[in-house]
Amino acid sequence: MGSGSWLGLLLALGALWGIRAKERLLGILGEPTLLQISPELQNLTKESGEASWKKTMEEPQKKKILLRISGGNVTEYERERMRFHEGNFSLEILNTSREDERLYEYSVSKGPEEQLLQIQLRVLEPVADPSIRILHRERSNVSCSLSLLCSSERGDEVSYTWDSRDNRDNRDNRDTWDSRDNRDNRDSGTGGICSGSGPVLNVSYSLGIAAFRCACTASNGVSSRRAAFQSSQCDSQHTGVPRVGTELLAPLVALGVIGVIVIVAIVVIVTFRAKRGQDPSQVTPDGATCATIYAQVQKPKGTVPDATPVSCTTIYAAATGPPPATDRAPRSPAEPPTPRGHGQDPTTIYASVTLPVA
């Protein structure tokens with residue numbers, strides 16, 4: 001059996017079992033994604049008038065019908081999330097999400113034959129603008145050695161490449177500029193300095209060469225972004241102690257303000273407590289009239305010191321006289337001490353008097 005016979009047999013089997021083709025499609029997270037069919041399937045759909053869009057569910061044995069075409073009538077089952085284009089029978093996902101990452105099928109039926117197209121959708125987040133940071137720097141009088149890190153904050157399956165070319169994606173004469181770049185790099189000796197792959201690039205060059213730029217490209221299957229590093233950043237003004245980033249400046253200022261407030265509060269509390277701890281009885285205005293009340297008074301021996309020439313009223317809760325004499329002679333009740341001095345005589349009130357024991 002020749003090769004032609006085998007091909008005819010395969011086509012016949014394909015007609016009986018259905019012709020199946022599978023494609024892979026990359027969608028951008030958060031953006032529309034268009035599921036398209038070939039012109040052959042479009043013509044077959046117009047002839048048969050029977051077709052449908054489906055997607056597989058989490059369970060492999062289940063499928064969900066998204067759209068059905070029957071007798072020229074179109075029935076859409078997810079109108080709020082998808083849009084059908086009748087001109088080419090394509091299906092558009094309006095806002096692509098992670099849940100849309102599935103296998104989609106477009107089938108056309110014509111009599112006993114069915115032709116099937118499968119599209120495997122892969123959803124990726126686009127990369128953000130990359131940034132280049134100096135991990136390590138060594139500088140001498142004649143050379144400079146740098147370790148550069150290129151990173152992107154967002155993106156799925158991001159890859160990094162380095163070169164010495166500027167970003168000229170928007171120029172029509174890109175090939176001309178690229179060849180000129182390569183010629184300039186050969187003349188200055190920097191052609192291979194910036195070549196590399198991966199997020200980290202180690203660069204070492206002489207300070208006597210002309211200034212150049214190392215460009216990092218962060219890319220994935222749906223997007224690409226570039227950033228450039230100037231060789232002049234190895235100058236002395238960029239060496240030494242690393243500067244504080246702007247993202248750390250606000251927290252440091254806030255901590256400084258809080259520290260000042262705490263110190264001021266401590267000073268105020270200490271001053272207030274010191275004023276409250278001062279004894280107010282130590283300050284007596286001149287010429288004031290005092291009234292002294294004694295809970296218990298024991299008559300002192302000897303003379304009484306001179307009293308202050310003020311008018312006083314003394315109240316004794318209890319008074320005790322001096323101890324009895326050795327000769328056991330009875331003594332008269334103890335006399336209260338009489339302050340000596342000038343001014344009005346004081347008034348003494350006894351709550352109770354205890355005589356000495358004979």
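Residues numbered from 1 in each chain as written. Predicted model: local features only at pLDDT ≥ 70, side-chain atom pairs only at ≥ 80, totals over all residues. Heavy atoms only, no water.

1. A look at the overall build of the chain
- Looking only at helices and strands, one finds four helices and 22 strands in the chain.
- Relative to its full complement of 358 residues, the chain shows a buried share of 25%.
- At a minimum sequence separation of 6, the contacts of the chain that also span at least 24 residues come to 58%. (Helix = DSSP H or I, 4+ residues; strand = E, 2+ residues; numbered from the N terminus. Buried < 20%, exposed > 50% of the residue type's maximum accessible area, 1.4 Å probe, protein only. Contact = heavy atoms within 4.5 Å.)

2. Section: the sheet that holds strand E12 (residues 159-163)
- Taken in spatial order, the four strands make up an open sheet running E13-E12-E15-E16, and their pairing is antiparallel. Either end of the sheet is taken by a strand with one partner, and the two such strands are strand E13 (196-197) and strand E16 (224-230).
- Inspection of the sheet shows E12 paired to E13 by two bridges, in the antiparallel sense. If you follow Trp162 over to E13, its bridge partner there is Gly196. (Pairing = 2+ DSSP bridges.)

3. Side note on the state of the cysteines
- Tallying each qualifying case throughout the model produces two disulfides.
- The residue that forms a disulfide with Cys194 is Cys214, at a sulfur-sulfur distance of 1.8 Å. The sign of the S-S torsion, about -60°, decides the handedness of the disulfide formed by Cys194 and Cys214: left-handed. Residue Cys194 is found in the loop between helix H3 (174-188) and E13, and its partner Cys214 is found in strand E15 (residues 213-219); the two are separated by 20 residues along the sequence.
- Exposure remark for Cys194: the relative accessible area of 0% places this residue in the buried category.
- We classify Cys214 as buried; its relative accessible area is 1%. (Disulfide = S-S within 2.5 Å.)

4. Focus on the packing of aromatic side chains
- Overall, the coordinates contain three aromatic pairs when judged by the stated rule.
- Geometrically, the ring pair formed by Trp53 and Tyr106 is tilted, given 4.9 Å between the ring centres and 55° between the ring planes. Linking Trp53 in strand E3 (residues 50-56) with Tyr106 in strand E8 (residues 103-110), this pair joins segments that are 53 residues apart in sequence. (Phe/Tyr/Trp six-rings, centres within 6.5 Å; stacked < 30°, edge-to-face > 60°.)

5. A short note on empty space enclosed by the protein
- Taken as a whole and assessed by the stated rule, the structure comprises two cavities of 30 Å³ or more.
- By volume, the second largest cavity is sized at about 40 Å³.
- Lining the second largest cavity are Leu66, Leu67, Glu76, Tyr77, Glu78, Arg79, Met82 and Leu91.
- Taken together, the residues that form the lining of the second largest cavity break down as five nonpolar, no polar and three charged. (1 Å grid on protein atoms, 1.4 Å probe; cavity = no way out; pocket = protein on both sides within 12 Å on 5 of 7 lines; lining within 4 Å. Points joined across faces, edges and corners; volume = space filled by probe spheres on them. Nonpolar A, V, L, I, M, F, W, Y, C, P; charged D, E, K, R; others polar.)

6. Things to note about the pattern of salt bridges
- The tally for this structure, following the rule as stated, stands at 13 salt bridges.
- With its nearest N and O atoms 3.8 Å apart, the salt bridge here joins Arg79 to Glu76.
- Glu76 gets classed as partly exposed once you look at its relative accessible area, which sits at 25%.
- With its nearest N and O atoms 3.1 Å apart, the salt bridge here joins Arg81 to Glu78. (Salt bridge = Lys/Arg side-chain N within 4 Å of Asp/Glu carboxyl O.)

7. Some remarks on the pairing of strand E5 (residues 73-76)
- Where strand E4 (residues 63-70) and E5 come together, four bridges link them in antiparallel fashion. Each residue of the ladder has a partner; that of Arg68, found in E5, is Thr75.
- Connecting E4 to the next strand, E5, in antiparallel fashion are two residues, including Gly71 with a positive phi near 60°.

8. Some details on the confidence of the model for the chain
- In this model, the chain carries a mean pLDDT of 75, and residues with pLDDT of at least 70 account for 60%.
- This stretch, residues 1-18, has a pLDDT under 50; its non-local contacts, to residues over four places away or in other chains, come to six contacts.
- Under a pLDDT of 50 for its full length, residues 167-189 has, in the predicted model, 14 contacts with residues more than four places off or in other chains. (pLDDT = per-residue confidence, 0-100.)

9. Remarks on the side chain of Asp156
- Among the secondary structure elements, Asp156 is positioned in the loop between strand E11 (143-151) and E12.
- Within the structure, the side chain of Asp156 is placed 2.8 Å from the backbone nitrogen of Glu125, a separation counted as a polar contact.
- Beyond its immediate stretch of four places on either side in the chain, Asp156 contacts Arg98, Val123, Leu124, Glu125 and Asn220. (Polar contact = N/O pair within 3.5 Å; in protein donor to acceptor, adjacent residues only side chain to side chain.)

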